[in-house]
Every structure is written in C-alpha cells, then in structure tokens.
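# Structural overview for review
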Amino acid sequence: MPPAALGPEVPKAGYVLEEIADGVFWLSEGMYQMMFVVTDEGVIAVDAPPTLGHNILRAIGSVTSRSITQAVYSHQHSDHVGAMSVYPEDVPRYAHRITAERLALLRDPNRPLPTHVFDDTLTIEAGDHSLQLDYKGPNHAEGNIFIYAPTQRVLMLVDVIFPGWVPFSNLAVSANIPGFVNASEQALEYPFDKLVGGHVTRPGTPDDVRTQIEYLKDLRSTTEAALSSVDVQKILAPVDATNAWAIFKAYLDAVAAQAADELVPRWSQRLGGADIFTLPNAWAMAEALRLDYGSMGPFGIVP
C-alpha cells in the first residue's frame, strides 16, 4: 500500500477523532468520515455515516458538553447521511434544494427532511464560527455541495476527492462525470489547509487535490487514446454481430483494459486502490468521453 494511502490507526472504540483546526473535528471509522464544528453556541454536525452511527454522539460528547444545534447534508446518499436521525429532532437541517427534493422522494426516516434549503450559497453563523455552503453544479450527486470553514481553512467535499487513493469505482458512480472532474479544480479555488473528503483513511490537503487532478488528466488522455487505438476488428471478431450490446461491451471493455494496463504501473505506488479501481474508472471515463466530451472513436460521424 502506498504511504499516501495510510491513515491513523482506529482504536478499540471503533472511531478515530482528530481536531484538524480550531474547533473543527474530523471523525472516521477507517472507511467513512465526517466532520463537526464546536462553536460558542453549540455543535454543527456535517453528515452522519451509518458506519459511525451513535459513535458520532460519543465522539462529540468526548470533546464538548454543548448540544448539537445544526446539521448539514452534503448530499442525499445514505452511506454518508443515513444516520442523520441520531441528531435531535428539533435541530435545523441544511441541504441544497436538489438534495431536499431527493430526500422527499426517498422518504427514509433515518434521513429526516431538511428544514433549510438553498440554491446557490448559504452561510451558517454560529458564535465564533461560520460554515459557507456552496453549490457549483452537479458532480458526484446532483446536489452535492462544498462546505467551507473560512476562518479555520477547512473544506469538506464528499465523494469527489479521495486523499491518498484513486476515486471509488466508476469515478465514484457519479451522476455527472464532467462535473465530478471539474469539482477537483473548483476545490482549489478555496484557500484551505485541510480537506474532509468523506472517504477513506485520513484528512486531505491541497496536494491531495492536485494529485487527483493529475490522475484524472492521465486517465482521460490515456483512455481517449485507447478509444481510437484498440484493434476493433480483432475485438469484434468473436462477437455475435447481431448482438448490439455484446458489440458495445466488447469494445468498451477493451478500451478500459488497454487504458488500465498503461495506467496501473504509473499509479500503483502513488495512490491506494489503483490496481483495483483504475479499470472501472477507465470504463466510466470512456463513456464520459463518448457521451459528454464528444470523443466517439470508431462510432463518430460517418464520412
């Protein structure tokens, strides 16, 4: 495992807690992570992964006797917010409008509906702290937001940056691949020192963002080259010509495999999981190149 992928050891309590800035705490069980902010007025909790569950309350109680006064949804996915029900029922809950709409459709009692929604930006002022919630368009999820503590220089952006690791499979199963790619660049518009990414082993830094941008650029260029350079006739020779889906599968699988064969040796010693998820990431990038970026390979405009 590359050194960049390693994080602090998780103690027997089942979670690791670190104050990454004044009053800003990073909490993780080794795979998922969230943050909470202790202010003069109470605690602002951002997300609630079920794998942390009631350990969130234990962790908060270990550093302050103040009550939870606000809760923030980064987006609607239950692996990050499926334990929001552990927070007091009467606290204000903040989310982007799209996230609120998705939650209303899902009707999950463990993900109570937001009480405060916004479209572009909203700032939570709480005593000596503030959190700036910004929406910059769809990325991993349609309503995924940037959460920024300006005084403490902490940025939280979930399921976009994976410090020390390649992105999760299929480019984090993102709703909008170009938006996902752009979000890495957008993160660097914030002057931050620490990043809470939602996964995996440790907090991040601006250098982690720059490394992911480098990986994504390499992934794109290598996959785009493979779209046109794979031997289509050889790939399709054993495929039933009447089965359209088999044709596409054979082609896209070959593109992803060729790209991954080039990429894995370059990245396996730099980022964790390069050997595991570069292949599906290349597959997702190939589809984004064809469908979003207009790089069609042999399926381009007929002469």
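Here's a quick rundown of the structure. In this text the structure is predicted, and so the values were computed from the model without any measurement.

Looking now at the pairing of strand E1 (residues 16-21). Across a regular strand the side chains alternate sides, sitting on one face of the sheet and then on the other. Judged from the five bridges that link them, E1 and strand E2 (residues 24-28) form a sheet pairing that is antiparallel. The residue of E2 that forms the bridge with Glu-18 is Trp-26. Hairpin connection from E1 to E2: two residues lie between these consecutive antiparallel strands, with Gly-23 at a positive phi of about 80°.

Further remarks concern the packing of helix H5 (residues 177-187) against helix H6 (residues 206-229). Helix-helix packing is described using two parameters, namely the angle between the two axes and the distance between the axes. Running from N to C, H5 and H6 point in directions that differ by 150°, and their axes come no closer than 9 Å. Viewed along their axes, H5 and H6 adopt a mutual orientation that is roughly antiparallel. The chirality of how H5 crosses H6 is left-handed. Where H5 abuts H6, its residues Phe-180, Val-181, Ser-184, Glu-185 and Ala-187 lie against Val-209, Gln-212, Ile-213, Leu-216 and Lys-217. Looking at the contact of H5 with H6 residue by residue, the classes come out as six nonpolar, two polar and two charged.

Attention shifts here to empty space enclosed by the protein. Scanning all chains against the criterion turns up one cavity of 30 Å³ or more. The computed volume of the largest cavity comes to approximately 40 Å³. Forming the boundary of the largest cavity are Phe-162, Pro-163, Gly-164, Trp-165, Asp-208, Thr-211, Gln-212 and Leu-271.

Across the sheet, which stays open at both edges, the seven strands sit in the order E1-E2-E3-E4-E5-E6-E7 with mixed pairing between neighbours. Here the strands that pair on one side only, and so sit at the sheet edges, are E1 and strand E7 (116-118). Between one strand and the next, the sheet's axes are offset by a mean angle of 20°, whatever the strand orientation. In this structure, strand E3 (residues 33-38) lies alongside strand E4 (residues 43-46), joined through four bridges in antiparallel fashion. Paired with Phe-36 across the two strands is Ala-45, which belongs to E4. In the packing of helix H1 (residues 55-63) onto the sheet, contacts are made with E1, E2, E3, E4 and strand E5 (68-72), and the angle to E3 comes to roughly 35°. Of the strands in this sheet, strand E6 (93-96) and E7 are in contact with helix H3 (residues 97-106), which crosses E6 at around 105°.

Here we come to the environment of Thr-69. Note on placement: Thr-69 falls in strand E5. The class for Thr-69 is partly exposed, based on a relative accessible area of 25%. Thr-69 has contacts with Glu-41, Gly-42, Val-43, Val-91 and Pro-92, leaving out every residue within four places of it along the chain. A distance of 2.9 Å separates polar atoms of two side chains, one belonging to Thr-69 and the other to Gln-70.

Cut-offs used in this document
Residues numbered from 1 in each chain as written. Predicted model: local features only at pLDDT ≥ 70, side-chain atom pairs only at ≥ 80, totals over all residues. Heavy atoms only, no water. Pairing = 2+ DSSP bridges. Helix = DSSP H or I, 4+ residues; strand = E, 2+ residues; numbered from the N terminus. Axes fitted to C-alpha atoms, helices over the stretch in contact; angles between N-to-C directions. Parallel < 35°, antiparallel > 145°, perpendicular 65-115°, else oblique. Left-handed = near helix turned anticlockwise from the far one by under 90°. Contact = heavy atoms within 4.5 Å. Nonpolar A, V, L, I, M, F, W, Y, C, P; charged D, E, K, R; others polar. 1 Å grid on protein atoms, 1.4 Å probe; cavity = no way out; pocket = protein on both sides within 12 Å on 5 of 7 lines; lining within 4 Å. Points joined across faces, edges and corners; volume = space filled by probe spheres on them. Buried < 20%, exposed > 50% of the residue type's maximum accessible area, 1.4 Å probe, protein only. Polar contact = N/O pair within 3.5 Å; in protein donor to acceptor, adjacent residues only side chain to side chain.

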